Amino acid sequence: MPAPNIDTIVSLAKRRGFVFPSSEVYGGLGSAWDYGPLGVELCNNVKQAWWRWLVYERDDIEGIDSSIILHRLVWKYSGHEATFHDPLVDCRECKSRLRADKLDLPADAVTEDDVSELIRKKLVKCPNCGSNDLTEPRPFNMMFRTKLGAAAEEDDPTALAYLRPETAQGIFINFLNVQTAMRRKIPFGIAQIGKSFRNEITPGNFILRTREFEQMEMEYFVKPDAEHLNLVEEWVELYMEWFVSLGLERSNLQLHEVPQEELAHYSKRTVDIMYRYFPERDEEERQWEELMGIAYRTDFDLRSHSSKPVDAEGNRVNQDSTEDLSYFDEATKQRFYPHVIEPAAGVNRTVLALLMDAYSEKTNDKGETRVILKLSPQLSPIKAAILPLAKNKPEIVGMAKAIKRSLQPVLRAVYDDTGGIGKLYARQDEIGTPFCITVDHQSLEDEAVTVRDRDTWEQERVNIADLAEHLQKRLKP
Ligand code: GAP
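What counts and what doesn't
Residues numbered from 1 in each chain as written. Predicted model: local features only at pLDDT ≥ 70, side-chain atom pairs only at ≥ 80, totals over all residues. Heavy atoms only, no water. Pairing = 2+ DSSP bridges. Helix = DSSP H or I, 4+ residues; strand = E, 2+ residues; numbered from the N terminus. Axes fitted to C-alpha atoms, helices over the stretch in contact; angles between N-to-C directions. Contact = heavy atoms within 4.5 Å. Salt bridge = Lys/Arg side-chain N within 4 Å of Asp/Glu carboxyl O. Parallel < 35°, antiparallel > 145°, perpendicular 65-115°, else oblique. Left-handed = near helix turned anticlockwise from the far one by under 90°. Nonpolar A, V, L, I, M, F, W, Y, C, P; charged D, E, K, R; others polar. Buried < 20%, exposed > 50% of the residue type's maximum accessible area, 1.4 Å probe, protein only. Polar contact = N/O pair within 3.5 Å; in protein donor to acceptor, adjacent residues only side chain to side chain. Near = heavy atom within 4 Å. Areas by Shrake-Rupley, 256 points an atom, 1.4 Å probe, with all protein chains shown as cover. Core = buried A, V, L, I, M, F, W, Y, C linked by side-chain atoms within 4.5 Å. Phe/Tyr/Trp six-rings, centres within 6.5 Å; stacked < 30°, edge-to-face > 60°. Lys NZ or Arg CZ within 6 Å of the ring centre and 35° of its normal.

## With respect to the sheet that holds strand β4 (residues 85-90)
Inference 1: One open sheet accounts for three strands, arranged β5-β4-β6; its pairing is antiparallel. Each having just a single partner strand, β5 (97-99) and β6 (138-141) make up the two edges of the open sheet. Between one strand axis and the next, the sheet turns through 50° on average, direction left out of account.
Inference 2: Where β4 meets β6, four bridges bridge the pair, whose relative direction is antiparallel.

What follows is the structure, encoded as structure tokens:
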């Protein structure tokens, strides 16, 4: 039983230290969220699992970490300056700023012209006040602007820079560096995890759509004549399996073929993996939102950033680049721009899906309902909680603290004696700790402890000397 809605997770996340509303002491900042002690662990575990899966366990992927602020020309030639727009609509009545494509529109309103026509005919309503007095859509560039250097004048165009709206461009401009430094032959991929920024018109739904978020992107470089569409399918399948291996229910995932007219400017084909973030909605098709996308970006980016390509008149298309990002294939003695398959996932959307899917409730013998967060143990923020059965017994407390210290070098362990054992178990269940280790009077005699399983509540006796190995075995993904 996953969480019934996002609000259930918002409340759990705040109460138990996963995610807090940002800048709360000043009334909050709409779309911003801060990750607390458990949230940062969960995010780190997701990112580590991804990195391990792609960079360590495969032989064909390298990792990098590029700058957030890149040269402005990167965003000119990537096409983002000209096309990274959302259609903005204003409500003249309540002054709300709205995304035209997120308004309540008939299914056959596909293009911006369709939406303009409907707005002109007063057939579209503001979702906030119900007025039909809306402006026609106009493009709003979503890149955050900043200025470089202390001496920059307010309108100095040479100082203009952007916070990156995708991590991908840092990979493309480093393609040749990585390929030559690591002596790579295609096919190979470059992976990167990092923050991206988009000035979203309507952020919302907790950490689903924010203006600052984290991406896990990988650009996979292949020959121009590779079977691109099969490669898209292959990566879709690999990611579906990966999400399921992290604990997501297959039935809460679904694929969405992005229609041609909605493709990003660089994409020939994109398949989105959708998660059921809104199970409470009656209409099935409104329950889903994008978790990640797998795009076939062709050679668009490497070609755009290269100095050599020329137009029909023989003039260089990119007048500013000093490099040619083509690849020389030793085997065929051919030079070409590799084509790219890009699986692009969001850390925050993955974390939200995992929290929703892991949420469950169970009733104990006393008829009390308990929340259990059934996170995959590899992702749980805390792996083991060491709980003394009697906190007024110095020998038991001493032994419990010593066990915690001995586990710390190999896994994340905490000690807690701030309640009765039932309460302590409940607290750990609610944050997804897979194992509670209870130290009791018997432990002083037999040098063994009770290991309680989060999901089954079953208990088994384990020798303290074998405890670390026992837990590590059970924590293996
Ligand atoms: N490089 C391709 C790219 O950026 P995208 O579909 O725009 O593609 C990839 O973004 C993923 O990044 C999305 O599937 C989503 O998980 C995450 N993402 C994008 N915008 C986001 C936002 N405003 N808030 C949270 N996550 C976001």
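## Examining the sheet that holds strand β21 (residues 435-439)
Inference 1: An order of β20-β19-β21-β22-β23 is seen for the five strands of this open sheet, with the pairing classed as mixed. Every interior strand has two partners, whereas the edge strands, β20 (413-415) and β23 (459-463), have only one. Each strand of the sheet is rotated relative to its neighbour by a mean of 30°, with strand direction disregarded.
Inference 2: Its contacts with the sheet put helix α14 (residues 467-475) on β19 (384-388), β21, β22 (448-453) and β23, and the angle it makes with β22 is roughly 15°.

## Observations regarding the pattern of salt bridges
Inference 1: Applying the stated criterion across every chain, the model contains 38 salt bridges.
Inference 2: Because the salt bridges share partners, they merge into one network encompassing Asp86, Arg99, Asp101, Glu200 and Arg209.

## Things to note about the packing of helix α2 (residues 37-56) against helix α8 (residues 228-245)
Inference 1: At a minimum axis separation of 12 Å, α2 and α8 run at an interaxial angle of 135°. By the angle class used here, α2 and α8 are oblique. As for the relative orientation of α2 and α8, their crossing is right-handed in sense. The residues of α8 that touch α2, namely those facing Val46, Ala49, Trp50, Trp53 and Leu54, are Trp235, Leu238, Tyr239 and Trp242.
Inference 2: In terms of residue class, the contact of α2 with α8 is made up of nine nonpolar, no polar and no charged.

## Describing the side chain of Asp453
Inference 1: Within the secondary structure layout, Asp453 lies in strand β22.
Inference 2: Asp453 sits in the buried class, given a relative accessible area of 17%.
Inference 3: Side-chain polar atoms of Asp453 contact the side chain of Arg474, separated by 3.0 Å.
Inference 4: Beyond its immediate stretch of four places on either side in the chain, Asp453 contacts Pro434, Phe435, Glu458 and Arg474.

## A look at the environment of Ile464
Inference 1: Mapped onto the elements of the fold, Ile464 is located in the loop between β23 and α14.
Inference 2: Spatially, the C-alpha atoms of Ile464 and Val124 are 67 Å apart, while their sequence positions differ by 340 residues.
Inference 3: What Ile464 contacts, discounting residues up to four positions off in sequence, is Met399, Ile403, Glu447, Ala448 and Val449.

## Some details on the site of the ligand
Inference 1: In the neighbourhood of the ligand, 21 residues make up the surrounding shell, with Glu166, Arg198, Thr210, Glu217 and Glu290 lying closest.
Inference 2: Thr210 places a main-chain nitrogen or oxygen 2.8 Å from a nitrogen atom of the ligand.
Inference 3: Here a nitrogen atom of the ligand sits 3.4 Å away from a polar atom, N or O, in the side chain of Arg297.
Inference 4: Contact with the protein chains covers 91% of the free accessible surface of the ligand, which is 550 Å².
Inference 5: Elements that contribute at least two residues to the shell around the ligand include exactly β10 (212-222), β13 (289-298) and β16 (339-346).

## So, the nonpolar core
Inference 1: Grouped together as the largest cluster of nonpolar side chains are 69 residues, with contacts concentrated most on Trp50, Tyr239 and Tyr277.
Inference 2: Top contributing element to this core by residue count: α2, with nine residues.
Inference 3: Not counting the four nearest positions on each side in its chain, Tyr277 is found in contact with Ile6, Leu208, Gln287, Glu289, Glu290, Leu291, Arg349, Thr350, Leu352, Ala353 and Met356.
Inference 4: In this structure, Ile386, Leu411, Phe435 and Val451 belong to the second largest nonpolar core, which totals 21 residues.

## Considering the packing of aromatic side chains
Inference 1: The full count for this structure, using the stated rule, is 15 aromatic pairs.
Inference 2: Their ring planes at 45° and their centres at 4.6 Å tell us that Phe175 and Phe221 sit as a pair that is tilted. With a gap of 46 residues between them, Phe175 in helix α7 (residues 175-181) and Phe221 in strand β10 connect regions that are remote in the sequence. Each member of the pair, Phe175 as well as Phe221, carries the same accessibility label: buried.
Inference 3: A centroid spacing of 5.4 Å and a plane angle of 55° characterise the contact between Trp242 and Phe243, whose relative ring orientation is tilted.
Inference 4: Assessed through its relative accessible area of 1%, Phe243 is described here as buried.
Inference 5: The rings of Trp53, Tyr220, Trp235, Tyr239, Trp242 and Phe243 are connected pair by pair, giving a single aromatic cluster.
Inference 6: Between Arg281 and the ring centre of Phe278, over which it is positioned, the NZ or CZ distance is 3.7 Å.
Inference 7: The aromatic ring of Tyr266 is capped on one face by Arg297, whose charged end is 3.4 Å from the ring centroid.

## What about helix α12 (residues 421-431)?
Inference 1: Three or more residues of α12 are buried, namely Leu424, Tyr425, Ala426, Gln428, Asp429, Glu430 and Ile431.
Inference 2: Just past α12, the residue Gly432 takes up positive phi, approximately 85°.

## Some thoughts on unusual backbone geometry
Inference 1: In the segment running from Ile186 into Pro187, the intervening peptide bond is cis, with an omega of 5°.
Inference 2: Tracing the backbone shows Pro187 in the loop between α7 and β9 (188-197).
Inference 3: In this model, Lys95 sits at a positive phi of 70°, which is unusual for a non-glycine residue.
Inference 4: The backbone of Phe206 shows a phi angle near 60°, a positive value even though the residue is not glycine.
Inference 5: Looking at the element boundaries, Phe206 is found in the loop between β9 and β10.

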